[in-house]
Amino acid sequence: MTERHYRVVATLAAAAILLAAPLSALATGDAERIAAVTRPATDFTRAEDYELNPGGKTTSFAAADADAFSQPSANMSFGRRADFTVGNGIFRKLWVSAPSSTQSSDGLGPLWNARACQNCHLKDGRGRVPEPGEDAVSLFLRLSVPPSTDAEREALATHRIGVVPEPTYGSQLQTFSIQGHLAEGRMAIAYEDLPVTLADGTVVTLRKPTYAVTDLNYGPMRPDVMLSPRIAPPMIGVGLLEAIPEEAILAHADPDDADGDGISGRPNRVWDVAKNMPALGRFGWKAGEPDVAQQTAHAFAGDIGLSTPLFPASWGDCMEAQAACRDAPDGADPEAGVEVPPAMFDLVVFYSRNLAVPARRRADDPQVLAGKQLFYESQCIACHVPKFVTARKTHGPEQAFQLIWPYTDLLLHDMGEGLADGRPEGQASGREWRTPPLWGIGLTDVVSGQTSYLHDGRARNLLEAILWHGGEAEAAKRKVMIMTKDQRDALLAFLGSL
Amino acid sequence: MVPMMTWAKSILMSGAALAVAALPAHAAADKAAILATYADVAHAMYGDALSTAKELQAAVDALIASPGEETMNAARAAWLAARVPYQQTEGYRFGNAVVDDWEGKVNAWPLDEGLIDYVAESYGTSSEDNPLYTANIVANAQISFGGETVDASTIDKELIQSLQEAGQIEANVATGYHAIEFLLWGQDLHGTEAGKGERPWTDYATGDACTNGNCDRRAQYLKAATDLMVDDLAWMTAQWAEGGEARAGLVNGDPDAGLSTILTGLGSLSYGELAGERMKLGLLLHDPEEEHDCFSDNTHNSHYYDIVGMQAIYLGSYTRVDGSKVEGTGITALVAEADPALDAEMRAKLDATVAAAAAMKQRAESTEAYDQMIGEGNDEGNAVVQAVIDALTDQTRTIEKQVAALGLQPITIEGSDSLDDPAKVFE
């Protein structure tokens, strides 16, 4: 898709938001049908219609093996699959240092966290926690400092920026560098055991991580620096999440808990660089990015040190204080002026938008249905909202008007002290996180060869992930803690079938 | 490294609408023979890659022992010859895990040129005195790279392997065919004009005749990279011998899974890797060095032998570098049993793709190099490359039909007793 097309679509979308015309893009009668089909189940004796297709017509029915997350939207034409495979190639491409004769592949860093998109989004799935002594790749630290000037406070208040970067090290700690440069530093992780006793006496030992930065190579960090560990999230279904109408997401928001159910989901507001205005945040662990293109461009910049049409600085996350980085040769394409020219950037975005959600397994299984009932009746669905219907007008036809089952409301929730990072991001406080989608989560082990859940991969299995829930989710977690073993097994079977 | 078979599986499965043809009762025996031939051809191809790599190794040793125009040219010729069998093995990628996990060591691209040796400033936009242009392994006994300081006082196989570990990735940006190619030819600074890399042989000269500094270390790197590649190819050849892991995995596993691997590999290489990533992207970007053998301008041959190799695998017949043939029952036999017209179609399409690739090869040998063909504004050259892309795309559709015809689709749609129509979708 060309940049011009993107801008046209972006303008239409912007107009829709400005006019605040709810459901304006829908056909007559859509609203009722959508309301009916997205109503949460109340009958748990059988699977629901369409439940086997969590991605609607984009759902992949390929084998549930290590490649389960790397399939294109099933409703994609053969011709467009060519673009998908080229996008896949760019996603896997190892970027090299500039200057290099392979001008379309150089410009790495100079400071970076990974040399290819694939190196963090392993098999298009989530990242993993490093082994002791191993350098982390798919887990890194975000950095920021509290605002100290009026200008910074103003910028935060108007959503122009989501965080104030650490003055020397930027908004992310890059632990790798190209030849001749020094990495910013290293991340140190220490784990502490945190046993949790369930009602039936079972003890589950959670591991509580603490993070520090060591071996800093560019001087000290500000003493009030805030660190937030972030593991690479899975890539499946992001095109679909992008296509959920904003009104449908906002309909679940209840920032002041007006309905008194203890759940107070809030949208994040972030700066949309292409449209030059604030927008709903959807992507990232704190919903810090408005759409797939901006998420991708920020990742290219911060994680790999590559410039794109959206963020044309070739030095990525380097601050002015990091002079060597800023002065280093760049890999900018002579014509496009950026290291990832528009054609390549658009292909990666297209690829990302079309990574398909795998089909449900065992939706009919009695144990799975029993678990589904427990999930719904424990009110997990207050945040892990089961169903949405995507908009009719989308970037690509594959994502249009699909009934999807992401099990997320894409809103921010206070998850309690245990999970808090103390680092606000946009409207998100230091205790809030965006509800992550649960689709595909049961295939994590098959795809990734390991399971590392939550924002920093601390939870080694789904039960641990549940037991970390606190804050708004405390009540739901307590319901799980008092379940019998059979009930817990059923709940986990349900999650494993997603 | 993610296999291309990911998307290929879904493409191949999209031919689900076609009926499964019934196979004759003796088909099961044919399957074992097909898998055995597939492994035999692999063993022969990798064996040839190994023997030609050893000849390259001898030529490299000769260049280092007696640097000169002749030994440089001989080493280059040996490298070009070594590519012929190796490229044919690429049809074994995208399905054989043993190959996929290893491939990055020997054929990864692009290469991190600036990490290895001196690079031209003309590609960068920074000042002439920037010391970072000289921060490479050949020129520096100690270099900060990755997250640490690397001790490069001796350049040997171990050092090069450890470069691979920086950044926790299996694929390498500093070893294999293209590292050796870079050290023999240097960067191609001609853009879309005629010409390839022009590294002078004096980059390996001893004493005062040495150009561009550190000739001894450059020679060390060249030798270490070549020796390492020979080791890697020897290892892979053994995997396809009797008792080797790659062969065993196929012949001892489910025959249909093996057949699926054969076709998935061919489909993925045709469509995703070659037509898509390697050819279409270069044409899209008009970036002259967006071509795999970018230093030697040998890309036309790399593509050509990829295509020849796929035909050999399909037919179960490989012509070795010494002219002898390794032949047996190719998957063509099974397809012919199930649907003779489909087999005829595949053979015709393979022939057509080889012909289109031969035309591209011919053009590169007589008129203009591959990197000129993909240049902006070169409609004629672009068309020759596009013709190969189109043929590869076309043959992929036939491979897709074969997967269906042989009943090889991995069926994962679970039935649901309680749903009226599990395949129903909301719209």
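Residues numbered from 1 in each chain as written. Chains lettered and ligands numbered in written order. Predicted model: local features only at pLDDT ≥ 70, side-chain atom pairs only at ≥ 80, totals over all residues.

## Thoughts on the overall build of chain B
Applied cut-off: Runs of H or I in DSSP of at least four residues are treated as helices and runs of E of at least two as strands, each being numbered from the N terminus. Exposure classes come from backbone-placed C-beta atoms, where a residue is buried if 20 or more other C-beta atoms lie within 10 Å of its own, exposed if 12 or fewer do, and partly exposed in between. Contact criterion: two residues are in contact if their C-beta atoms, reconstructed from the backbone, are within 7 Å.
Of regular secondary structure, chain B possesses 15 helices and four strands. Residues classed as buried in chain B amount to 54% of the 427 residues present. For chain B, long-range pairs separated by at least 24 residues make up 75% of all intrachain contacts whose partners lie at least 6 apart in sequence.

## Structural notes on the overall build of chain A
Applied cut-off: Here the radius of gyration uses the C-alpha set of atoms, whereas the globule reference equals 2.2 Å times the residue count to the power 0.38.
Helices and strands together make up the secondary structure of chain A, namely 14 helices and twelve strands. Computed over its C-alpha atoms, the radius of gyration of chain A comes to 22 Å, within 12% of the 23 Å expected for a compact globule of 498 residues. Seen through its C-alpha atoms, chain A measures out along the principal axes to roughly 65 × 50 × 45 Å. Burial analysis of chain A (498 residues in total) assigns 57% to the buried set.

## Describing the nonpolar core
Residues and elements named next belong to chain B. In plain terms, the rule: Think of a nonpolar core as buried Ala, Val, Leu, Ile, Met, Phe, Trp, Tyr and Cys residues chained together by C-beta atoms that fall within 7 Å.
Counting residues in hydrophobic clusters, the biggest one holds 235 residues, and the most contacted among them are Y38, I180, Y221, A225 and V388. With 17 residues, helix α2 (residues 27-65) is the largest single contributor of residues to this core. Those residues within four positions of I180 in sequence are excluded, and the remaining contacts are W79, L222, A225, T226 and M229.

## Regarding the packing of helix α12 (residues 331-338) of chain B against helix α13 (residues 340-366) of chain B
All names here are of chain B. Here is the rule we go by: Here an axis means a line fitted to C-alpha atoms, over the contact stretch when the element is a helix, while the angle between two N-to-C directions is reported on a 0 to 180 degree scale. For classification purposes, an angle smaller than 35 degrees is called roughly parallel, one larger than 145 roughly antiparallel, one from 65 to 115 roughly perpendicular, and anything else oblique. Throughout, the ten residues Ala, Val, Leu, Ile, Met, Phe, Trp, Tyr, Cys and Pro are labelled nonpolar, Asp, Glu, Lys and Arg are labelled charged, and all others, Gly among them, are labelled polar.
At their nearest, the axes of α12 and α13 sit 5 Å apart, and the two run at 140° to each other. As judged from the angle between their axes, α12 and α13 are oblique. On α13, the residues touching T332, V335 and A336 of α12 are P340, L342, D343, M346 and R347. Considering only residue class, the contact of α12 with α13 consists of five nonpolar, one polar and two charged.

## Digging into unusual backbone geometry
Here the bond from A98 of chain A into P99 of chain A is cis, since omega is 0°, no more than 30 degrees from zero. Tracing the backbone shows P99 of chain A in the loop between α3 (78-92) and β1 (111-112). In this structure, P110 of chain B follows W109 of chain B across a cis peptide bond, with omega equal to 0°. Mapped onto the secondary structure, P110 of chain B falls in the loop between α4 (97-107) and α5 (113-116). The backbone phi angle of Y50 of chain A is positive, close to 70°, even though this residue is not glycine. Within the secondary structure, Y50 of chain A sits in the loop between α2 (30-38) and α3. The class of Y50 of chain A is buried, set by 22 C-beta atoms lying within 10 Å.

## Considering the confidence of the model for chain A
Stated precisely, the cut-off is as follows: One number per residue, pLDDT, summarises how confident the predictor is, and it ranges from 0 to 100.
Summing up the model confidence of chain A, the mean pLDDT is 92 and the portion of residues at 70 or higher is 95%. This model gives residues 1-24 of chain A a pLDDT under 50, and the stretch forms 21 contacts once residues within four places in sequence are excluded.

## Examining the packing of α3 of chain A against helix α9 (residues 342-353) of chain A
Residue and element names in this part refer to chain A. Orientation of α3 relative to α9, taken along the N-to-C sense of each, is 105°, at an axis distance of 8 Å. In terms of their interaxial angle, α3 and α9 are classed as roughly perpendicular. Between α3, through D83, F84, V86, G87, N88, I90 and F91, and α9, the contact on the second element is made entirely by M344, L347, V348, F350 and Y351. Its residues placed into classes, the contact of α3 with α9 shows nine nonpolar, two polar and one charged.

## Here's the deal with the domain arrangement of chain A
Residue and element names in this part refer to chain A. Note the following rule: The split into domains, and so the bounds of each, comes from an automatic or database assignment of domains.
Domain parsing of chain A yields domain 1 (3-79 + 355-497) and domain 2 (82-238 + 291-340). Its C-alpha centre places domain 1 at a distance of 25 Å from the equivalent point of domain 2. Sorting the residues of the side of domain 1 that touches domain 2 by element identifies α11 (444-448) and α12 (462-468) as the ones contributing at least two each. The element contributing the most residues to the side of domain 1 that touches domain 2 is α12, with four residues. Considered class by class, the residues forming the side of domain 1 that touches domain 2 number 17 nonpolar, 13 polar and eight charged.

## Looking at the pairing of strand β6 (residues 226-231) of chain A
Residue and element names in this part refer to chain A. Spelled out, the test is: In this description, strands pair whenever DSSP reports at least two bridges between them.
Burial runs high along β6: five of the six residues are buried. Pairing of strand β2 (residues 139-144) with β6, which is carried by six bridges, proceeds in the antiparallel orientation. Residue F140 lies in a different strand from β6, and its bridge partner there is R230.

## Some thoughts on helix α7 (residues 292-304) of chain A
All names here are of chain A. Inclusion rule: Under the convention used throughout, the expected extent of a helix is 1.5 Å for every residue step, that is, one less than its residue count.
In this model, α7 (13 residues) spans 17 Å end to end at C-alpha, consistent with the 18 Å of a helix rising 1.5 Å per residue. Counting buried positions along α7 yields 13 of 13 residues, so the element is predominantly enclosed. Just past α7, the residue G305 takes up positive phi, approximately 75°.

## Remarks on the environment of Y304 of chain B
All names here are of chain B. Tracing the chain through its elements places Y304 in helix α11 (residues 299-315). On a C-alpha basis, the gap between Y304 and V388 in space is 9.5 Å, while along the polypeptide they are 84 residues apart. Residues in contact with Y304, not counting those within four places in the same chain, are A357, A358 and K361.

## Re helix α14 (residues 485-496) of chain A
Residues and elements named next belong to chain A. If you check α14, its first and last C-alpha atoms are 16 Å apart, about what twelve residues at 1.5 Å a residue would give, namely 16 Å. Among the residues making up α14, those that are buried are A490, L491, L492, F494 and L495. Residues of α14 that are buried sit in contact with α10 (366-377), α12 and α13 (474-481).

## Description of the confidence of the model for chain B
All names here are of chain B. Here chain B shows a mean pLDDT of 87. Residues at 70 or above account for 85%. Predicted confidence for residues 124-128 stays below pLDDT 50, and this span has eleven contacts to residues more than four positions away or in other chains. Low pLDDT, under 50, characterises residues 411-415; the stretch is placed with nine contacts to residues that sit more than four places away or in other chains.

## What to know about the pairing of strand β1 (residues 142-145) of chain B
Residues and elements named next belong to chain B. Inspection of the sheet shows β1 paired to strand β2 (residues 148-151) by four bridges, in the antiparallel sense. When the bridges of β2 are listed, S144 appears paired with T149. Count of turn residues in the β1/β2 antiparallel hairpin: two residues, of which G146 carries a positive phi of about 65°.

## Let's talk about the environment of T408 of chain A
All names here are of chain A. Along the polypeptide, T408 turns up in the loop between β10 (403-404) and β11 (412-414). C-beta crowding within 10 Å serves as the criterion here: with 23 such atoms nearby, T408 is assigned to the buried category. In the structure, T408 is positioned 134 residues away from A274 in sequence and 26 Å away in space, judged by C-alpha atoms.

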